[in-house]
Amino acid sequence: MLLKIAICAFAVYMIAALINQQVQISEKSKELSEMQQQLEEQNIRNEELRRALSDGSEQNSEYLERYAREELGYAKPDERVFVNIAGN
């Protein structure tokens with residue numbers, strides 16, 4: 001009798017573990033697909049920036065300078081950047 005209870009308990013534990021693993025696999029698959037989507041979007045942005053860099057026109061250089069300043073926080077040498085922390 002004790003052996004049958006132990007076998008049933010082990011079977012229940014294994015089924016619960018299997019279900020838990022399937023849930024984790026499903027979550028990780030969803031996370032992977034989201035990350036692949038983000039990667040694809042970033043690759044598209046990178047390609048647009050590469051094209052802008054290779055063009056070399058004045059308008060593109062202004063765009064790249066503005067992007068570097070606003071998005072990446074870059075500044076020219078010996079340039080001071082002031083940030084308004086008052087929130088006004």
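These numbers come from a predicted model, not from an experiment.

Student: Just give me the short version of the overall build of the protein chain, but keep the residues and values in it.
Tutor: For the protein chain, the count of helices and strands is two helices and zero strands. Scaling as 2.2 N^0.38, a compact globule of 88 residues should have a C-alpha radius of gyration of about 12 Å, whereas the protein chain reaches 28 Å, well beyond that. A principal-axis box enclosing the C-alpha atoms of the protein chain has dimensions of 85 × 40 × 25 Å. Of all 88 residues assigned to the protein chain, the portion counted as buried reaches 3%. As displayed, the protein chain has an accessible area near 8500 Å², and 57% of this comes from carbon and sulfur atoms.

Student: Can you break down the environment of Y63 residue by residue, with the values?
Tutor: For Y63, the position within the fold is in helix α2 (residues 58-70). The exposure class of Y63 is partly exposed, given its relative accessible area of 33%. In sequence terms Y63 and I25 are 38 residues apart; their C-alpha atoms lie 43 Å from each other.

Student: If you had to explain the pattern of salt bridges to someone new, which residues and values would you point to?
Tutor: Following the criterion strictly, the structure yields five salt bridges and no others. Among the salt bridges present, the one from E31 reaches K28, with a minimum N-O distance of 3.9 Å. With E31 and K28 both in helix α1 (residues 2-55) and three residues apart, the pair spans about one turn of that helix. Given a relative accessible area of 43%, E31 falls into the partly exposed group. With relative accessibility at 55%, the residue K28 sits in the exposed group.

Student: Lay out unusual backbone geometry with the relevant residues and their values.
Tutor: At D78, a position not held by glycine, the phi torsion is positive, near 60°. Mapped onto the elements, D78 comes out in the segment after α2.

Student: Give a detailed account of a nonpolar patch on the surface, specifying residues and quantitative values.
Tutor: A contiguous nonpolar surface patch, about 360 Å² in accessible area, is contributed by F10, Y13 and M14. Along the chain, the position of M14 falls in helix α1. Overall, M14 belongs to the partly exposed group, its relative accessible area being 41%.

What counts and how
- Sequence order as written defines the numbering, with residues in each chain counted from 1.
- Per-residue local features of the predicted model are confined to residues with pLDDT of at least 70, and side-chain atom pairs are confined, for both listing and counting, to 80 or more; whole-chain, interface and lining totals are unaffected and use all residues.
- Derived side-chain values reflect all non-hydrogen atoms in the structure, with water molecules and hydrogen atoms excluded from consideration.
- For the purposes of this entry, the term helix denotes a DSSP run of H or I that reaches at least four residues, the term strand denotes a run of E that reaches at least two, and both are numbered from the N terminus.
- It is over C-alpha atoms that the radius of gyration is taken, and the globule rule equals 2.2 Å times the number of residues to the power 0.38.
- Three exposure classes are used, based on accessible area relative to the maximum for each residue type with a 1.4 Å probe and protein chains only: buried under 20%, partly exposed in between, and exposed over 50%.
- With residues, only the protein chains shown are counted as cover, and all accessible areas are computed by Shrake-Rupley using a 1.4 Å probe.
- Each salt bridge in this description consists of a side-chain nitrogen of Lys or Arg and a carboxyl oxygen of Asp or Glu lying within 4 Å of one another.
- Any residue with relative accessible area above 30% and no salt bridge may belong to a patch, with like charges joined within 9 Å and the nonpolar Val, Leu, Ile, Met, Phe, Trp and Tyr side chains within 5 Å.

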